[in-house]
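# Understanding the architecture of this molecule
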Amino acid sequence: MKKVLSIAGSDSSGGAGIQADIKTITAHKMYAMTAITALTAQNTTGVYGVEEASPEFVGKQLDCIFRDIYPDAVKIGMVSNQEIIKVIAEKLREYKAGNIVIDPVMVATSGSALMVEGAGKTLVEELFPLGRILTPNIPEAEALSGTEIKDSQDMEEAARIISSFTGGAVLVKGGHLIDRADDLLYEQGKSTWLSGERVENPNTHGTGCTLSSAIACGLAAGKSLEDSVREAKAYITGALKAGLNLGQGNGPLNHMYALPLQDS
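Analysis parameters
Residues numbered from 1 in each chain as written. Predicted model: local features only at pLDDT ≥ 70, side-chain atom pairs only at ≥ 80, totals over all residues. Heavy atoms only, no water. Helix = DSSP H or I, 4+ residues; strand = E, 2+ residues; numbered from the N terminus. Contact = heavy atoms within 4.5 Å. Phe/Tyr/Trp six-rings, centres within 6.5 Å; stacked < 30°, edge-to-face > 60°. Buried < 20%, exposed > 50% of the residue type's maximum accessible area, 1.4 Å probe, protein only. Core = buried A, V, L, I, M, F, W, Y, C linked by side-chain atoms within 4.5 Å. Polar contact = N/O pair within 3.5 Å; in protein donor to acceptor, adjacent residues only side chain to side chain. Disulfide = S-S within 2.5 Å. Axes fitted to C-alpha atoms, helices over the stretch in contact; angles between N-to-C directions. Parallel < 35°, antiparallel > 145°, perpendicular 65-115°, else oblique. Left-handed = near helix turned anticlockwise from the far one by under 90°. Nonpolar A, V, L, I, M, F, W, Y, C, P; charged D, E, K, R; others polar. Expected span 1.5 Å × (residues − 1).

## Quick word on the environment of A242
- Examined against the element boundaries, A242 turns out to sit in the segment after α8 (225–241).
- C-alpha separation for the pair A242 and K96, spaced 146 residues apart in sequence, amounts to 38 Å.
- Contact partners of A242, with chain neighbours within four places excluded, come to N254 and Y257.

Below, the structure written as structure tokens:
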């Protein structure tokens, strides 16, 4: 069985973060492991509190994982401060981790900030060079590249800029910008547009977490980067089409839509 490690924050409502990652990895029939960077008190209407783990404890979680059950891929989500980021980067280098997918989570779907001021610079310097792929959405790509994104050409320019300070590929997700769910995969100077069907579903809580975890599953299975992204996009589309409707705000996806479930 392939093993995938998620390094991220916990979502108490189960729609994003660690919980979304575990569901996604399980739906891909792989073994999920976690290193929790923060606890959040949140639901579909917003984030109401964040309790960060200590950098030392995050490091201890990673030691326990890598020394016992070595992961085939690693997904990194919410990392809220500089010291936690530094510890994660140190451990990933120490254990020579591979197939690292970085979702630069800066703001929750509800609009709540999830990263302290100054952490972004450390993220770029310490973690980005370790990633096989980064998966920013349009607002995150704008923040990272220092450019405004209005069209597909702007997406390509932003991806080029972001790739200049990371050794891996960049997937700029176009969901915030265009009528279709078309994403740009930029790898080693080459742009590949990945078309997708836009699903009219207001419940998109945790889509970024889910996509990055699904990509990590593809890489863990030995698939190419492009195939991993394409299959992850198809998985997201299916989860959105399932039409789960929970909560009073921006609801979660049905991560288990493809699994045969018995009615209770």
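## Structural notes on the packing of aromatic side chains
- Summed over the entire model, instances satisfying the criterion amount to four aromatic pairs.
- Consider the rings of F128 and F165, whose centres lie 6.3 Å apart with planes at 15 degrees: the pair is stacked. One end of the pair, F128, is in the loop between α4 (119–127) and β6 (133–134); the other, F165, is in the loop between α6 (152–163) and β7 (169–173), with 37 residues separating them in the sequence.
- When its relative accessible area of 0% is taken as the criterion, F128 is described as buried.
- Three or more aromatic residues joined by ring pairs form one cluster here, namely F66, Y70 and Y95.

## Looking at unusual backbone geometry
- Positive phi is not limited to glycine here, since N99 has a value of about 50 degrees.
- With a phi close to 50 degrees, Q188 is a non-glycine residue in the positive phi region.
- Of note, Q188 is situated in the loop between β8 (183–187) and β9 (190–194).

## Remarks on the nonpolar core
- One finds L5, I7, V74, I76, I88, L92 and L127 to be the most contacted residues of the largest nonpolar core, which totals 39 residues.
- If one sorts the elements of this core by residue count, helix α3 (residues 82–94) sits on top with five residues.
- Sequence-distant contacts of L127, defined by excluding residues within four places in its chain, comprise I76, V79, I85, I88, A89, L92, I102 and T122.
- If you look at the next biggest cluster of nonpolar residues, it comprises 27 residues, including I25, M30, I215 and A220.

## As for the side chain of N137
- Its location among the elements puts N137 in the loop between β6 and α5 (138–145).
- Within the structure, the side chain of N137 is placed 2.9 Å from the backbone nitrogen of E140, a separation counted as a polar contact.

## Focus: the state of the cysteines
- Counted by the stated rule, this structure contains zero disulfides.
- With no disulfide of its own, C209 has C217 as its nearest cysteine by sulfur position, at a separation of 13 Å.
- C217 sits in the buried class, given a relative accessible area of 1%.

## Details of the environment of G167
- Mapped onto the secondary structure, G167 falls in the loop between α6 and β7.
- Once the C-alpha coordinates of G167 and L130 are considered, the two residues, 37 residues apart in sequence, prove to be 7.3 Å apart.
- Dropping the residues within four chain positions of it, G167 is found in contact with F128 and P129.

## Thoughts on the packing of helix α1 (residues 17–27) against helix α7 (residues 207–220)
- At a minimum axis distance of 9 Å, the contact between α1 and α7 shows a crossing angle of 40 degrees. The orientation of α1 with respect to α7, classified from their angle, is oblique. For the crossing formed where α1 meets α7, the hand is right-handed. Only C209, T210, S213, A214 and C217 of α7 make contact with α1, whose side of the interface consists of G17, A20, D21, T24 and I25.
- The residue inventory of the contact of α1 with α7, partitioned by class, reads five nonpolar, four polar and one charged.

## Looking at α8
- Its 17 residues give α8 an end-to-end C-alpha distance of 24 Å, which sits within 8% of 24 Å, the value for a rise of 1.5 Å per residue.
- Among the residues of α8, those classed as buried are L225, S228, V229, A232, K233, Y235, I236, T237, G238, A239 and L240.
- Residues of α8 that are buried sit in contact with α1, β6, β7, β8, β9 and α7.
- At the exit of α8 stands G243, carrying a positive phi of roughly 70 degrees.

## Some remarks on α6
- For α6, built from 12 residues, the straight-helix expectation of 16 Å at 1.5 Å per residue is met to within 8% by its first-to-last C-alpha distance of 16 Å.
- Of the positions making up α6, those classed as buried are M155, A158, A159, I161, I162 and S163.
- Looking at the buried positions of α6, the neighbouring elements they touch are β6, α5, β7, β8 and β9.
- If you check the start of α6, you find a side-chain oxygen 3.2 Å away from the backbone N of Q153, and it comes from D151.

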